[in-house]
Amino acid sequence: MLQPPDTEPLDPPERTLMGPGPSEVHPRVLRIMSAPLIGHLDASFIEIMNEVQELLRYTFQTENRWTIPVSGTGSASMETAFANVVEPGDTVLVPTNGYFGGRMASMAQRAGGEVVHVDAPWGEPLDPDDVAAAFDRHDPEVFGFVHAETSTGVVQPQVPELTSIAHEHDAYVIADTVTSLGGVELRVDEWDVDVAYSGGQKCLSCPPGASPLTVNDRTMEKVLGRDTDVRSWYLDLSLLEGYWGEDRSYHHTAPITNVYALREALQLVAEEGLEARWGRHREMATRLKEGVEELGLELNPDDEFWLPSLNAVRIPDGIDDTRLLAEVQEQYNLEIASGLGDLEGEILRIGCMGYSARPQNVRLVLSALEDALA
Ligand code: PLP
């Protein structure tokens, strides 16, 4: 007989989360997570589902019927997008300017797509002329781009230009909005984005676990008209429609506590107002940016492409980022992160997301950096 391990009741450390996600969870969201469970087919839960969908439509700025939280982290809503929209043999155009374009390529390829690339260096957005040239060369059926690249701190401007190039070629556009939803201007319908997916743990300040997705009717026609089954049972939108559509019939047991959490986090977005919330993110990130500049540091991307929710700060010569991150964690209980991929060892990544985007957190980051660089 195996003996129980020698563990104690859980007592995780309290940290100030100013990294690339998760961000700090709002106290109201934490509180609702201790509410008792109700059944996932209970009439009260169905009412909550309807409200989550309404609040998500507001937050995405869309009237799409197909607007749901996918069970799982951001990668689950991302995979739902690619697994459903990409059919075997489809050509899928994805960017090379960051880590998450690479993940798009893997998911598209696993869905049976032929992956082609539009290039831009890490730290820069896509140039619409390059996207147009890639469309002329490859004529893809699907185009994915990352609106807010967490690995580089770059926001993709000119989204309506990108979507109009894609639509001139009858392609479907999938946007990664994991680090923009609820923190950075995003207008799904006005910008003509066909599919957008996100996560809870960034600008929505929710724990990861129920991840927003919106799909327009035109794209759902492609999905529901597929010749082959989606290669994932769990993420197949034609099956999920039974649960999130009119019927509300069993597909899988919804992560009830995560749905409560998302409902409360979205309620906070609605109470603050989307434009005010975008403004708060920009204001807090501006304080952070000005503060790091006063310390003699600089942001990696040009001001034009600066992503307020994720600030990529260049590491000065002679500074060891591993030591710096350990020091700020030990002395300030503060989480910030190092670079990934092409920018590993070159940047620090400082988030300014959701409930974490507050003056005291910005001040803490600046004091911690000042000490660590002294
Ligand atoms: N896309 C972007 C831009 C992200 O930043 C992340 C997570 O950091 C993901 C996708 C994947 O989300 P998750 O880690 O929640 O699965």
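Cut-offs used in this document
Residues numbered from 1 in each chain as written. Predicted model: local features only at pLDDT ≥ 70, side-chain atom pairs only at ≥ 80, totals over all residues. UniProt positions renumbered as here; feature names shortened; annotations may be inferred. Helix = DSSP H or I, 4+ residues; strand = E, 2+ residues; numbered from the N terminus. Near = placed C-beta within 6 Å. Nonpolar A, V, L, I, M, F, W, Y, C, P; charged D, E, K, R; others polar. Buried ≥ 20, exposed ≤ 12 C-beta atoms within 10 Å, placed from the backbone. Pairing = 2+ DSSP bridges. Axes fitted to C-alpha atoms, helices over the stretch in contact; angles between N-to-C directions. Parallel < 35°, antiparallel > 145°, perpendicular 65-115°, else oblique. Left-handed = near helix turned anticlockwise from the far one by under 90°. Contact = placed C-beta atoms within 7 Å.

(A) Focus on the UniProt feature "domain: Aminotransferase class V" (unreviewed entry) in the protein chain. The UniProt feature table records "domain: Aminotransferase class V" (unreviewed entry) at residues 39–339. Along residues 39–339 the backbone is 43% helical and 17% strand, and the end-to-end C-alpha distance reaches 42 Å.

(B) Just the site of the ligand, in detail. Surrounding the ligand, one finds 13 residues, the nearest of these being Thr-73, Gly-74, Ser-75, Thr-150 and Val-178. Sort the elements by how many residues they give to the shell around the ligand and helix H3 (residues 74–85) lands first, with 3 residues. Considered class by class, the residues forming the shell around the ligand number 5 nonpolar, 7 polar and 1 charged.

(C) Local environment of the pairing of strand S8 (residues 172–176). With 5 of 5 residues buried, S8 is to be regarded as a mostly interior element. The side-chain alternation of S8 yields two buried faces, one formed by Tyr-172, Ile-174 and Asp-176 and the other by Val-173 and Ala-175. Looking at chain direction, S8 and strand S9 (residues 195–197) are connected through 3 bridges and run parallel. By the bridge assignment for S9, Asp-176 is matched with Tyr-197.

(D) Here's a closer look at the packing of helix H2 (residues 43–60) against helix H9 (residues 256–272). At a closest axis distance of 9 Å, the pairing of H2 and H9 adopts a crossing angle of 45°. Between H2 and H9, the angle is such that the two are oblique. Both H2 and H9 take part in a crossing whose hand is left-handed. Two secondary-structure elements touch here, H2 through Phe-45, Ile-48, Glu-51, Val-52, Leu-55, Leu-56, Tyr-58 and Thr-59 and H9 through Ile-256, Val-259, Leu-262, Arg-263, Leu-266, Gln-267, Val-269 and Ala-270. Grouping the amino acids of the contact of H2 with H9 by side-chain chemistry returns 12 nonpolar, 2 polar and 2 charged.

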